[in-house]
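# Structural overview for review
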Amino acid sequence: MTKVKKGDTLLMHYTGYRSDETIFDSTVARGPIRVQLGKELLIPGLEKALIGMEQGAIKRIEVEAKDAYGEVNPDLIIKVDIDELLEYTDLTVGQTIVLSQDDDSYIELVVIGIEEDVVLLDGNHELAGEKLTFNVEILEIEPKK
């Protein structure tokens, strides 16, 4: 039977769980995804664990934070004077805001704290620092051409 190799395209279902076992994403309700391995479309730890699986295989895969969305980077947690965020009225903890950068790109940040005149913002991915678990089913393997 064909085994998954780097460069193959897979049709697969997955359900991703946070460390507290809550689901953060799943293809089961919306339909399987088609993804080519080696294109950096999946987190590295998941992609590596798929190598060697066979069509029809079902597997539970654990991915350490460093091989998922990385560890929490304290440099991505910043304090901003509330006067710099005047376009955002009624800021709340948990709210996502979008700020433009000097190079005309944008960055999404989450409000993690509000003090008198300072807002604490986090630019880390929401799953940074978490060990993740995936239930995966390989429906189809299309070998690399």
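Structure first, text after, so check above.
Okay, so let's go over this structure.

Conventions used here
Residues numbered from 1 in each chain as written. Predicted model: local features only at pLDDT ≥ 70, side-chain atom pairs only at ≥ 80, totals over all residues. Heavy atoms only, no water. Helix = DSSP H or I, 4+ residues; strand = E, 2+ residues; numbered from the N terminus. Rg over C-alpha atoms; globule rule 2.2 N^0.38 Å. Buried < 20%, exposed > 50% of the residue type's maximum accessible area, 1.4 Å probe, protein only. Contact = heavy atoms within 4.5 Å. Areas by Shrake-Rupley, 256 points an atom, 1.4 Å probe, with all protein chains shown as cover. Lys, Arg positive; Asp, Glu negative; His and termini not counted. Charge placed at Lys NZ, Arg CZ, Asp CG, Glu CD. Salt bridge = Lys/Arg side-chain N within 4 Å of Asp/Glu carboxyl O. Core = buried A, V, L, I, M, F, W, Y, C linked by side-chain atoms within 4.5 Å. Pairing = 2+ DSSP bridges. Axes fitted to C-alpha atoms, helices over the stretch in contact; angles between N-to-C directions.

Scanning the protein chain from terminus to terminus reveals one helix and nine strands. Ordered by position from N to C terminus, the α and β elements of the protein chain give β-β-β-α-β-β-β-β-β-β. Taking 145 residues into account, the globule formula puts the C-alpha radius of gyration at 15 Å, and the protein chain, at 19 Å, lies well above it. Overall, the protein chain is about 65 × 35 × 25 Å in size when its C-alpha atoms are taken along their principal axes. Of all 145 residues assigned to the protein chain, the portion counted as buried reaches 35%. The long-range fraction of contacts in the protein chain, counting pairs at least 24 apart against all pairs at least 6 apart in sequence, stands at 62%. Carbon and sulfur atoms make up 48% of the accessible area of the protein chain, which amounts to about 9,200 Å² in all. Of the charged side chains in the protein chain, 15 are positive and 30 negative, and the gap between their average positions amounts to 17 Å.

If you walk through the whole model with that rule in mind, you get nine salt bridges. As a salt-bridge pair, E130 and R18 come within 2.8 Å of each other at their nearest N and O atoms. Of this pair, E130 sits in the loop between β8 (118–122) and β9 (132–142) while R18 sits in the loop between β1 (9–17) and β2 (23–26), placing them 112 residues apart in sequence. Salt-bridge contacts for K66 lead to D67; the nearest nitrogen and oxygen are separated by 3.1 Å.

In this section: the nonpolar core. By size, the foremost hydrophobic cluster in this structure holds 21 residues, and its most contacted members are L50 and V136. Among the secondary structure elements, those contributing two or more residues to this core are β1, α1 (44–50), β4 (58–63) and β9. The greatest single-element share of this core, amounting to five residues, is contributed by β9. Ignoring any residue separated from it by four or fewer positions in sequence, one finds V136 in contact with M12, H13, Y14, L46, L50, M53, A57, I58, K59 and I61.

This part takes up the side chain of T27. The topology assignment puts T27 in the loop between β2 and β3 (33–36). Exposure remark for T27: the relative accessible area of 0% places this residue in the buried category. If we ignore the near neighbours within four places in the chain, the residues touching T27 are M12, H13, Y14, P32 and I33.

Pairing is antiparallel in the open sheet, where four strands are placed in the order β5-β8-β7-β6. Two strands close off the open sheet at either side, each with one partner strand: β5 (77–81) and β6 (96–100). Averaged over all adjacent pairs, the angle separating strand axes in this sheet is 45°, with direction ignored. Here β5 runs beside β8; their pairing, made up of five bridges, is antiparallel. Bridging from a neighbouring strand, V80 pairs with V119 of β8.

Its identity as a non-glycine residue notwithstanding, E21 has a phi of 75°, on the positive side. With respect to the element layout, E21 can be found in the loop between β1 and β2. The class of E21 is partly exposed, set by a relative accessible area of 43%. Phi is positive for D104, which is not a glycine, with a value near 70°.

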